[in-house]
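Single-letter residue listing:
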Amino acid sequence: MPAIPIDLLKRYEAAGQEHLLHFYPTLSPPEQQELVAQLAALDVERVNRVFKTAVEYEKAGASSAAINPLPAFAFDTIIGAPEKEAQWRDIGLKAIAEGKVGVLLMAGGQGTRLGSSDPKGCYDIGMPSHKSLFQYQAERIAKVSKLAGGASIPWYVMTSGPTRKPTEAFFKAHNYFGLPEKDVIFFEQGTLPCLTMDGKILLDKTSSLAVAPDGNGGLYAALRSPLSSSDPKRTPLSDMAARGITYIHTYGVDNCLVRVADPVFIGYSMSKGAACGAKVVRKAYPTESVGVIAMRGDKFSVVEYSEITEAQAHQIDAATGEFAFRAANIVNHFYTREFLESIASIEDEMAFHIARKKISHVEIPSGEYVKPVKPNGIKMELFVFDVFPFTQKMAVLEVSRQEEFSPLKNAPGTGVDDPQTSKRDLLAQQKRWLEAAGARVAEGAEVEVGPHVTYAGEGLAGVEGWVLVQSGAADTLEALHLLQ
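Since the model is a prediction, treat every value here as computed from it, not as a measurement.

Asker: Explain the domain arrangement of the chain to me, please; I cannot follow it from the model alone.
Answerer: A common way to state how big an interface is: give the accessible area lost once the parts meet. The domain boundaries assigned to the chain delineate domain 1 (6–409) and domain 2 (422–483). Placing the centre of domain 1 and that of domain 2 at their C-alpha centroids yields a distance of 34 Å. In this complex, domain 1 contributes 24 residues to the contact, which on the side of domain 2 involves 23 residues. Of the roughly 2,000 Å² buried between domain 1 and domain 2, counting both surfaces, carbon and sulfur atoms make up 57%.

Asker: Looking at this structure, I do not really get the environment of alanine 148. What am I missing?
Answerer: Note on placement: alanine 148 falls in the loop between helix H5 (133–147) and strand S4 (155–159). By relative accessible area, alanine 148 is classed as buried at 11%. For alanine 148 and histidine 481, which are 333 residues apart along the polypeptide, the C-alpha to C-alpha distance reads 26 Å.

Asker: Explain empty space enclosed by the protein here, please?
Answerer: Any empty space left between the atoms is revealed when a probe the size of a water molecule rolls over them. Under the counting rule described, the total for this entry stands at three cavities of 30 Å³ or more. Size it by volume and the largest cavity reaches roughly 90 Å³. Lining the largest cavity are 15 residues, with Arg140, Gln429, Trp433, Thr454 and Tyr455 positioned closest to its centre. Breaking the lining of the largest cavity down by element, the ones donating at least two residues are H5 and helix H13 (419–436). Here the element with the most residues in the lining of the largest cavity is H13; it accounts for four residues. Taken together, the residues of the lining of the largest cavity sort by class into eight nonpolar, four polar and three charged.

Asker: Sorry if this is basic, but what is going on with the pairing of S4 here?
Answerer: Here is the key point about a regular strand: its side chains alternate between the two faces of the sheet. Among the five residues of S4, five are classified as buried, and the element is accordingly described as predominantly covered. Side-chain alternation along S4 places Trp155, Val157 and Thr159 on one buried face and Tyr156 and Met158 on a second face that is also buried. At this point the chain moves from strand S3 (residues 101–106), through H5, to the parallel S4, and the crossover so formed is right-handed. In the classification by handedness, the crossover that spans S4, the intervening helix H6 (residues 164–173) and the parallel strand S5 (residues 184–188) is right-handed.

Asker: Can you help me understand the pairing of strand S19 (residues 377–381) in this one?
Answerer: Pairing of strand S7 (residues 195–196) with S19, which is carried by two bridges, proceeds in the antiparallel orientation. Its bridge partner being in S19, threonine 196 is matched across the sheet by glycine 377. Summarising the sheet, strand S16 (residues 353–357) and S19 pair through five bridges and their orientation is antiparallel. In the sheet register, isoleucine 354 faces S19, and the bridge partner there is methionine 380.

Asker: Which parts of the structure should I look at to understand the environment of leucine 202?
Answerer: Following the sequence through the fold, leucine 202 ends up in the loop between S7 and strand S8 (203–205). Separated by 176 residues in the primary sequence, leucine 202 and isoleucine 378 have C-alpha atoms spaced 9.9 Å apart. For leucine 202, the residues in contact, after removing those within four places along its chain, are Cys194, Leu195, Thr196, Leu209, Ala210, Ile359 and His361.

Asker: Would you mind showing me how to read the side chain of serine 116 here?
Answerer: Mapped onto the elements of the fold, serine 116 is located in the loop between S3 and H5. Side-chain polar atoms of serine 116 contact the backbone nitrogen of aspartate 118, separated by 3.1 Å. Not counting residues up to four positions away in its chain, the partners in contact with serine 116 are Gly111 and Tyr123.

Asker: Please clarify how the environment of proline 226 should be interpreted in this entry.
Answerer: Relative to the assigned elements, proline 226 resides in the loop between helix H7 (219–222) and helix H8 (236–243). With relative accessibility at 46%, the residue proline 226 sits in the partly exposed group. Residues proline 226 and proline 236 lie ten residues apart in sequence; the distance between their C-alpha atoms is 7.6 Å. When near neighbours in sequence (up to four residues on either side) are disregarded, proline 226 contacts Asp231, Pro232, Arg234 and Thr235.

Asker: Whenever I open this one, the sheet that holds S19 confuses me. Can you help?
Answerer: Strand pairing in a sheet is mediated by backbone hydrogen bonds. Such pairs are either parallel or antiparallel. The sheet built from three strands is open, its strands ordered S7-S19-S16 with antiparallel pairing. Each edge of the open sheet is held by one strand with a lone partner, namely S7 and S16. With respect to the sheet, helix H3 (residues 44–60) is in contact with S7, S16 and S19, its orientation differing from that of S19 by roughly 95 degrees.

Asker: For this particular structure, what's the right way to read the nonpolar core?
Answerer: One recurring pattern in soluble globular proteins: nonpolar side chains tend to sit buried together. Formed by 68 residues in total, the largest nonpolar core has its most connected members in Tyr220, Met380, Val387 and Phe388. If one sorts the elements of this core by residue count, H3 sits on top with six residues. Setting aside its immediate chain neighbours within four residues, phenylalanine 388 contacts Cys276, Ala278, Ile293, Phe300, Ser301, Val302, His333 and Met394. Of all hydrophobic cores here, the second largest spans 47 residues; its members include Val103, Ile153, Phe177 and Phe265.

Parameters and conventions
- Residues numbered from 1 in each chain as written.
- Predicted model: local features only at pLDDT ≥ 70, side-chain atom pairs only at ≥ 80, totals over all residues.
- Heavy atoms only, no water.
- Domains from an automatic or database assignment.
- Contact = heavy atoms within 4.5 Å.
- Buried area = accessible area lost by both parts, 1.4 Å probe.
- Helix = DSSP H or I, 4+ residues; strand = E, 2+ residues; numbered from the N terminus.
- Buried < 20%, exposed > 50% of the residue type's maximum accessible area, 1.4 Å probe, protein only.
- 1 Å grid on protein atoms, 1.4 Å probe; cavity = no way out; pocket = protein on both sides within 12 Å on 5 of 7 lines; lining within 4 Å.
- Points joined across faces, edges and corners; volume = space filled by probe spheres on them.
- Nonpolar A, V, L, I, M, F, W, Y, C, P; charged D, E, K, R; others polar.
- Right-handed = clockwise from strand over helix to strand, strands pointing away.
- Pairing = 2+ DSSP bridges.
- Polar contact = N/O pair within 3.5 Å; in protein donor to acceptor, adjacent residues only side chain to side chain.
- Axes fitted to C-alpha atoms, helices over the stretch in contact; angles between N-to-C directions.
- Core = buried A, V, L, I, M, F, W, Y, C linked by side-chain atoms within 4.5 Å.

This is the structure:
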């Protein structure tokens, strides 16, 4: 029976994690290979650093730094500002036309809460066309490309362990929704081992570690990970560099109204010289339970609603007459590639968040599989906004909630952020576009206007005077005419 590789044993002894090899002598050769491969690939020293930093951050408690609204130089709005919006759109479209823009999708979530075993992006919210979220987003990319003269817009799709294969299979089965296959790049969110309360790594089996996703903030490390074992030097970031991508729009998969590769947001962030940007919507009411982007001391931060006092929640910005703390975070970001490349140098300073959980595991030394009845260990995760305090050049753009944000999070029939509200909000938006162009949608008609027709309401002049009485989906103005 092969002995434990001596270099691996010394490394794990130095890290205080040698217990992971306890069962090695009892394993079959394939199981030994499985365990050794997993341990060799794991940056155990980083795991220890992450745990230490997370514990220290938690012990320190909430920052005592004063919480203040965003400074005027870092915040703007497109609401009621059509001239600025048009100017930023032109800047963004020019960058897209020059091939400088890529899109990064965070699509690691499963549709479990929706009652689906598929990745969330495969979900059909019930539109007349029955398009999935993935298809809507792909078609928006194609439309922006057309508006920018046909430029390539690479789409980097971050999956997770459970969603990688079904996501790739779904895209392949649908012929990448008409996008060039070479421009759809899949990669995988990382994981971190589950730990005991004192930082010891847990075993899921005698031959494998217990692991959990490292949070949507894991995308920063994942961008530096190889895209394939056959070409370990090619990473998402190196691929962006090879293509000349300078600016990246990043978003979450579950927003049916998301404007993918949004030239307005890209142009705004560029005009501000921002390294990092965020889209926000206005809080619906002062005490809405959402995190807002604000200042914690002199650092940009997402501040949870529980951290804002009643007085702050109702505080009015004298210059605008709006709530001072109104910039609700919607996980919709802009980055320069240079900034994403720089995050490796600060990642050890970014404190992971600790979640105490019931973690099933193999007990050492008994080998018994334990299913705890109360929290016995911790999972650690990083959030995508944990990078905000480390940027000096940040820009925040306020957009209309009804035009750009309708998340899909809850089971059908919940009444809030569910498939029915997503469908309602998307149809309502398209109805507004049609009516603004001079058409009328009859009461009860569900008229879907696909992204091939319009990205954000443009190009609909031909519908003036139409009365749309039939329910249905249209990807051309000719098809839309049939719904009259």
